[in-house]
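These are the residues of each chain, in order.
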Amino acid sequence: MNSFQGKTLSWEQTGEVVEVALHYEPCNEIGSATLKELEKLAGLLESQLAARALIFCSRIPSGFSAGADLRELYRSLQSLTVGQRRAGVREFLERIHRVFNLIDTTALVTVAAVHGVVFGGGFELALTCDMIVADRTARFCFPELRLGLVPGFGGVPRLKRDLGNGLVRDLLLTGRSINAVKAGAVGLVSQLVSEGQALRVARGIATQVGKFDQEATRAAKQFVKPIPYEELRREIDLFCELFNRPVVEAALRKFVESSDVQPYLP
Amino acid sequence: MSSLDRTLEQLLVLASDHFQVPAGTLNPDDDFFKKLGINSLQTLDLLTKLETHFNVEIPDYELQGVSDFRTLAERIHSRL
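Residues numbered from 1 in each chain as written. Chains lettered and ligands numbered in written order. Predicted model: local features only at pLDDT ≥ 70, side-chain atom pairs only at ≥ 80, totals over all residues. Heavy atoms only, no water.

Draft legend 1. Region of interest: the overall build of chain B. Secondary structure assignment for chain B yields 4 helices and 0 strands. Reading the helices (α) and strands (β) of chain B from amino to carboxyl end gives α-α-α-α. Taking 80 residues into account, the globule formula puts the C-alpha radius of gyration at 12 Å, and chain B, at 11 Å, falls close to it. Dimensions of chain B, computed from the C-alpha atoms along their principal axes, are close to 30 × 30 × 20 Å. Split into buried and exposed, the 80 residues of chain B put 44% on the buried side. When the accessible surface of chain B is totalled, it reaches about 4100 Å², and 46% of it is carbon and sulfur. (Helix = DSSP H or I, 4+ residues; strand = E, 2+ residues; numbered from the N terminus. Rg over C-alpha atoms; globule rule 2.2 N^0.38 Å. Buried < 20%, exposed > 50% of the residue type's maximum accessible area, 1.4 Å probe, protein only. Areas by Shrake-Rupley, 256 points an atom, 1.4 Å probe, with all protein chains shown as cover.)

Spelled out as C-alpha cells, the structure:
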C-alpha cells in the first residue's frame, strides 16, 4: 500500500488506483513546498508501482489550483541578486518540467478531477494528465501575460497538443478564463459533471481503464500522446528571458499587495 | 419592462441566490464587491453561473472596472 501525507498534497493507493489530493491553502499554489512533494510522487511513479491509474484532485473548495505561488516568487525576487534569480528560476522550472514530464509519460492512465479555478500552473498540471474531468464550477485560464510572462510549466506546448491553435492564442494572449462548458465543447475536458462529482467520475474512469491489457494501454497511450520535448525546452528559455524584467517584478508586487478584490480578474 | 431590465432583474435574483442573501436586498447600482463582500475568485464563480444561465460567454476582461449590477447586466445583455 502506497500512501503519503504531506503538507501540500497527500496520496493513497487503493487497489490499482493512486489518488493524489492537493490540499495547500489558500488554493494549492505551486511553489517550492508543492514541488518537493510532487518530486516524491515522481519518485513513486519511477518505481515498480503496481498501479494502473493516477487521479489528481483538490480538497480546497475554491478550486484545483490557482497556479504558481506568486507570493513566494515575489519574496525570492526581493532576497536574491539578479544572477541568483536567473539561476534560481531556471532550476525551479527544470525541476517542475522533470516532474510534469514524468506524469505526462507515466504508464498509469492519469485523470485530473477539477473544480473551481484551474489557473496557470494548476492548469498546466491538469494538462499533463490523459483526461480532465471538470465539474461545472471549473474555469481554465493562463493569466501569465498579466504578469509579463508566459506559462512556464509546459502549458503552451501541451495545450497546443490538445486544442486548435486559435483558441490557444485566445487564451494566452487575452489571459481570459473559460468555463467548463466551453472547455468541454472544445475538447479540453473529457467529461463535464455536476458540482462536486468530478472525483467520483474520475474513479469510474480509473476502474474502466484498469480492465484492459496493461501493455496495450501503455502502447496506446504512447502512440496518441506525443511529448513536445523541444517546445517544452524552448518554453523554459522564453520564460527565463522574460522573467528578469522590471515589469514582472512590478506586476508581482501589485498582485501580492492587492486587497484581493480583483487580482484573479484580468 | 425592457429586455435589459429583465436581464438585470434575473441577474439580481441569481446573485442573491448564489450568495444566499435575501431577495430584494441587492440594488442595480450596488457595488457587488462591497455589498456582497466577495473577492475575485467568488466573482469568477458567479460569472460561471451567469454564463450558464444566460447561455453566453463573457470574457472576464470585460469585467474590468465593472463593479455594479447594472453595468454587469449591460455586459451580459450585449452577448444575448
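Draft legend 2. Focus on empty space enclosed by the protein. All names here are of chain B. One pass over the structure, following the stated rule, counts 2 cavities of 30 Å³ or more. Taken as a whole, the largest cavity encloses approximately 40 Å³ of empty space. Along the lines of polarity and charge, the residues of the lining of the largest cavity split into 5 nonpolar, 4 polar and no charged. Taken as a whole, the second largest cavity holds about 30 Å³ of empty space. Lining the second largest cavity are F32, T43, L46, L47, L50, L63 and L72. Residues belonging to the lining of the second largest cavity are distributed by class as follows: 6 nonpolar, 1 polar and no charged. (1 Å grid on protein atoms, 1.4 Å probe; cavity = no way out; pocket = protein on both sides within 12 Å on 5 of 7 lines; lining within 4 Å. Points joined across faces, edges and corners; volume = space filled by probe spheres on them. Nonpolar A, V, L, I, M, F, W, Y, C, P; charged D, E, K, R; others polar.)

Draft legend 3. Just the sheet that holds strand β1 (residues 3-5) of chain A, in detail. All names here are of chain A. On the basis of which strands lie adjacent, the open sheet formed by 7 strands has the order β1-β2-β3-β4-β6-β8-β11 and mixed pairing. Only two strands of the sheet have a single partner each, and these edge strands are β1 and β11 (191-193). Within the sheet, the average angular offset between the axes of one strand and its neighbour, ignoring direction, is 20°. (Pairing = 2+ DSSP bridges. Axes fitted to C-alpha atoms, helices over the stretch in contact; angles between N-to-C directions.)

Draft legend 4. Region of the structure containing the side chain of E51(B). Locating E51(B) in the fold gives a position in helix α3 (residues 40-54). Residue classification places E51(B) among the buried residues on the basis of a relative accessible area of 3%. Dropping the residues within four chain positions of it, E51(B) is found in contact with R139(A), N179(A), V56(B), E57(B) and I58(B). (Contact = heavy atoms within 4.5 Å.)

Draft legend 5. Geometry of the sheet that holds strand β7 (residues 117-119) of chain A. All names here are of chain A. Taken in spatial order, the 4 strands make up an open sheet running β5-β7-β9-β10, and their pairing is mixed. At either end of the open sheet lies a strand with only one pairing partner, and these are β5 (63-65) and β10 (177-179). Strand-to-strand, the axes of this sheet are offset by a mean angle of 20°, without reference to chain direction. Where β5 and β7 come together, 2 bridges link them in parallel fashion. When the bridges of β7 are listed, S65 appears paired with V118. Seen against the sheet, helix α4 (residues 120-127) touches β5, β7 and β9 (139-141) and runs at an angle of roughly 90° to β7.

Draft legend 6. The arrangement of the pattern of salt bridges in detail. Residue and element names in this part refer to chain A. If you walk through the whole model with that rule in mind, you get 22 salt bridges over all chains. Across the pair R95 and E39 runs a salt bridge, and its minimum N-O distance is 2.8 Å. Of the two residues, R95 sits in helix α3 (residues 82-105) while E39 sits in helix α1 (residues 32-46), which places them 56 residues apart along the sequence. Within this structure, D104, D130, R158, R161, D162, K221 and K225 form a network of salt bridges that share partners. (Salt bridge = Lys/Arg side-chain N within 4 Å of Asp/Glu carboxyl O.)

Draft legend 7. Quick peek at the packing of helix α5 (residues 155-162) of chain A against helix α6 (residues 165-174) of chain A. All names here are of chain A. Viewed as axis vectors pointing N to C, α5 and α6 meet at an angle of 145°, and their least axial separation amounts to 8 Å. The two elements α5 and α6 cross, and the hand of that crossing is right-handed. On α6, the residues touching V156, L159 and K160 of α5 are N165, V168, L171 and L172. Tallied by class, the residues present in the contact of α5 with α6 amount to 5 nonpolar, 1 polar and 1 charged. (Left-handed = near helix turned anticlockwise from the far one by under 90°.)

Draft legend 8. The packing of aromatic side chains, seen in detail. All names here are of chain A. Enumeration over the complete set of coordinates arrives at 8 aromatic pairs over all chains. The interplanar angle of 90° and the centroid separation of 6.0 Å between the aromatic rings of F100 and F153 together place this pair among those described as edge-to-face. Pair noted here: F100 is in helix α3 and F153 is in the loop between β9 and α5, with a separation of 53 residues, a long-range link. With relative accessibility at 0%, the residue F100 sits in the buried group. (Phe/Tyr/Trp six-rings, centres within 6.5 Å; stacked < 30°, edge-to-face > 60°.)

Draft legend 9. The arrangement of the interface of chain B and chain A in detail. Every contact between the two is made by 20 residues of chain B and, on the other side, 20 residues of chain A. Carbon and sulfur atoms supply 55% of the area buried between chain B and chain A, which totals about 1700 Å² over both sides. Where chain B meets chain A, there are 3 salt bridges. Between R176(A) and E57(B) there is a salt bridge, with the nearest N and O atoms lying 2.5 Å from each other. There are 6 residue pairs in polar contact (both at pLDDT 80 or more) connecting chain B and chain A. No other element matches α3(B), which puts 9 residues into the side of chain B that touches chain A. Here the side of chain B that touches chain A is built from residues that sort into 9 nonpolar, 6 polar and 5 charged. (Buried area = accessible area lost by both parts, 1.4 Å probe. Polar contact = N/O pair within 3.5 Å; in protein donor to acceptor, adjacent residues only side chain to side chain.)

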